[in-house]
Amino acid sequence: MASASFLGLLVLVALVSAASAQLSPTFYDTSCPNAMSTIKSAVNAAVAQEARMGASLLRLHFHDCFVHGCDASVLLNDMNGEQFTAPNMKSLRGFGVIDNIKAQIEALCPQTVSCADILAVAARDSVVALGGPTWTVPLGRRDSTMSFPAEALTDLPAPTSSLQELIAAFKNKNNLDPTDMVALSGAHTIGQARCTTFRDHLGESNINSTFAASLRGICPAAQSASTDDNLAPLDTTTPNTFDNAYYSNLLSQRGLLHSDQELFNNGSTDNVVRNFASNPAAFSSAFATAMVKMGNISPLTGTQGQIRLSCSKVN
């Protein structure tokens, strides 16, 4: 029979193991104290060169977390992987910026900072660089050794999603509630979308007719290889500023995507949209809260996964 002291030791080990599996904002304070400033400088430089890159880096983190958790699986450059699925093909960008950050950090602290954590911090720093709120990023994620293309096809919300589909998709991920979902959708206050993602919405009844007509110039009703990849800003009011104009646009039926306008279309989230449209501080607070919650989706911790030397491939 085990002694009381041995049982006590087992309990202590269990408690330490449980604690080590929790993310912490101070995770790299000793092992790589300059990691955060290195990421911030690189993100600021990239966004200064191209404002759209801020939206791209934020989106990379979202597309990572929604597919099997925040594990950098989306960064694996595998022809059969997530990058080459329909929701991500011709859509995700910013891989070079992440690779550049990783190379800088590897030079400082070899095999210490995960690509998954770099993504999470770069997303936050991108939002700040474009005038949005900041938040404390919990750290300690590790990197996946495989990609999950099947989940990318099923778990990433489509631009054609209904409100019910959006609510269900977010609830399936760390119980993100409808307010979290509407707040995270506010990421569409920056960035651009391809014609193929909003062409059909231009012919729907719940879009401002003048707005729709203005977009037909770059996105005609007929499919065409010459126009399919044409871009339009998700927020035409302040496309390169992270603010709450996205929600004001929805109030006047100027949501670019079908899924955007679904948030304000005589449904259960109408009042949340109204609140965020009239109260910038409420949106900023809800967005920061939801980003931390999203960043906690099924992270690999402890000895799970690995710390990749290169974000695009497993060690």
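Owing to the predicted nature of the structure, the values given are computational and were not obtained by experimental measurement.

Structural notes on the overall build of the chain
And then number 1: Within the chain, the regular secondary structure consists of 14 helices and 2 strands.
And then number 2: Relative to a compact globule of 315 residues, whose C-alpha radius of gyration would be 20 Å, the chain shows 21 Å and is just as compact.
And then number 3: Dimensions along the principal axes, computed over C-alpha positions, put the chain at roughly 75 × 40 × 35 Å.
And then number 4: Per element, the accessible surface of the chain, about 13900 Å² overall, is 55% carbon and sulfur.
And then number 5: Counting 19 positive and 25 negative side-chain charges, the chain places the centres of these two groups 2 Å from one another.

Concerning the state of the cysteines
And then number 1: Summed over all chains, the structure comprises 4 disulfides.
And then number 2: Across a sulfur-sulfur distance of 2.0 Å, Cys65 and Cys70 are joined as a disulfide pair. Between Cys65 and Cys70, the S-S dihedral sits near 120 degrees, and the bridge is therefore right-handed.
And then number 3: On the basis of relative accessibility, which here comes to 0%, the residue Cys70 falls in the buried class.

Topic: the UniProt feature "binding site: heme b" (unreviewed entry) in the chain
And then number 1: UniProt marks His188 with the feature "binding site: heme b" (unreviewed entry), using the numbering shown here.
And then number 2: Take His188: it is sitting in the loop between α8 (178–185) and β1 (192–194).
And then number 3: His188 sits in the partly exposed class, given a relative accessible area of 24%.
And then number 4: Beyond its immediate chain neighbours, meaning those up to four positions away, His188 contacts Leu234, Asp235, Tyr246, Leu257 and Asp260.

Overview of the packing of aromatic side chains
And then number 1: In the structure shown here, the tally under the stated rule is 12 aromatic pairs.
And then number 2: Relative to Tyr28, the ring of Phe27 lies with its centre 5.0 Å away and its plane at 85 degrees, an arrangement referred to as edge-to-face.
And then number 3: Judged by relative accessible area, Phe27 falls into the partly exposed class, the value being 41%.
And then number 4: The exposure class of Tyr28 is buried, given its relative accessible area of 2%.

What about the packing of helix α2 (residues 35–49) against helix α4 (residues 95–108)?
And then number 1: The N-to-C vectors of α2 and α4 enclose an angle of 150 degrees; their axes lie 10 Å apart at closest approach. The angle between the axes of α2 and α4 places the two elements in the roughly antiparallel class. For the element pair α2 and α4, the recorded crossing hand is right-handed. Residues Ala35, Thr38, Ile39, Ala42, Val43 and Ala46 of α2 touch α4, and the partners they reach there are Val97, Asn100, Ile101, Gln104, Ile105 and Leu108.

Brief notes about the UniProt feature "binding site: Ca(2+) 2" (unreviewed entry) in the chain
And then number 1: Taking the numbering used here, the UniProt-annotated feature "binding site: Ca(2+) 2" (unreviewed entry) corresponds to Thr189, Asp235, Thr238 and Asp243. Sequence-wise these annotated residues cover 55 residues; spatially they are packed, their C-alpha atoms never more than 9.8 Å apart.
And then number 2: Beyond its immediate chain neighbours, meaning those up to four positions away, Asp235 contacts His188, Thr189, Asp243, Ala245, Tyr246 and Asn249.
And then number 3: As for its placement among the helices and strands, Thr238 is situated in the loop between β2 (231–233) and α11 (245–251).
And then number 4: When near neighbours in sequence (up to four residues on either side) are disregarded, Thr238 contacts Thr189, Asp243 and Ala245.

Points about helix α10 (residues 209–216)
And then number 1: Along α10, the residues that are buried comprise Phe211, Ala212 and Leu215. In an axial view of α10, the angular spread of the buried residues amounts to 100 degrees, which keeps them on one side of the axis. Exposed side of α10, more than 90 degrees from the buried face: Ser209, Thr210, Ala213 and Ser214 are the residues found there.
And then number 2: Buried residues along α10 sit against α9 (195–198) and β2.
And then number 3: Sitting at the amino-terminal end of α10 is Asn208, which places a side-chain oxygen 3.0 Å from the backbone nitrogen of Thr210.

Looking at unusual backbone geometry
And then number 1: Even without being glycine, Asn266 reaches a positive phi, approximately 60 degrees.
And then number 2: Along the chain, Asn266 turns up in the loop between α12 (258–261) and α13 (270–278).
And then number 3: Here Ser298, not a glycine, exhibits a phi torsion of approximately 40 degrees, which is positive.

Quick notes on the nonpolar core
And then number 1: Counting 74 residues, the largest nonpolar core has Leu58, Leu75, Ile98, Tyr247, Leu263 and Phe287 as the members making the most contacts within it.
And then number 2: Counting residues per element, this core draws most heavily on helix α5 (residues 115–129), at 9 residues.
And then number 3: Other than its neighbours up to four places away in sequence, Ile98 contacts Leu57, Leu60, Leu75, Ile118, Leu119, Ala122 and Cys311.
And then number 4: Core analysis: the next-biggest nonpolar cluster, separate from the first, contains 13 residues, Ala193, Phe211, Ala212 and Cys219 among them.

Side note on the environment of Gly54
And then number 1: With respect to the helices and strands, Gly54 occurs in helix α3 (residues 52–65).
And then number 2: For Gly54 and Ile190, which are 136 residues apart along the polypeptide, the C-alpha to C-alpha distance reads 8.0 Å.
And then number 3: When residues no more than four places from it in sequence are discounted, the contact partners of Gly54 are Val47, Ser126, Leu130 and Ile190.

Regarding the pattern of salt bridges
And then number 1: A complete count under the given rule lists 9 salt bridges for this structure.
And then number 2: The shortest N-O distance in the salt bridge between Arg141 and Asp117 comes to 2.7 Å. Of the two residues, Arg141 is situated in the loop between α5 and α6 (149–155) and Asp117 in helix α5; the sequence distance between them amounts to 24 residues.
And then number 3: As a salt-bridge pair, Arg124 and Asp125 come within 2.7 Å of each other at their nearest N and O atoms. No difference in accessibility class separates Arg124 from Asp125, as the two residues are buried.
And then number 4: Where salt bridges share partners, they join Lys90, Arg194 and Asp229 into one cluster.

Definitions and limits used
Residues numbered from 1 in each chain as written. Predicted model: local features only at pLDDT ≥ 70, side-chain atom pairs only at ≥ 80, totals over all residues. Heavy atoms only, no water. Helix = DSSP H or I, 4+ residues; strand = E, 2+ residues; numbered from the N terminus. Rg over C-alpha atoms; globule rule 2.2 N^0.38 Å. Areas by Shrake-Rupley, 256 points an atom, 1.4 Å probe, with all protein chains shown as cover. Lys, Arg positive; Asp, Glu negative; His and termini not counted. Charge placed at Lys NZ, Arg CZ, Asp CG, Glu CD. Disulfide = S-S within 2.5 Å. Buried < 20%, exposed > 50% of the residue type's maximum accessible area, 1.4 Å probe, protein only. UniProt positions renumbered as here; feature names shortened; annotations may be inferred. Contact = heavy atoms within 4.5 Å. Phe/Tyr/Trp six-rings, centres within 6.5 Å; stacked < 30°, edge-to-face > 60°. Axes fitted to C-alpha atoms, helices over the stretch in contact; angles between N-to-C directions. Parallel < 35°, antiparallel > 145°, perpendicular 65-115°, else oblique. Left-handed = near helix turned anticlockwise from the far one by under 90°. Arc of directions from axis to C-beta. Polar contact = N/O pair within 3.5 Å; in protein donor to acceptor, adjacent residues only side chain to side chain. Core = buried A, V, L, I, M, F, W, Y, C linked by side-chain atoms within 4.5 Å. Salt bridge = Lys/Arg side-chain N within 4 Å of Asp/Glu carboxyl O.

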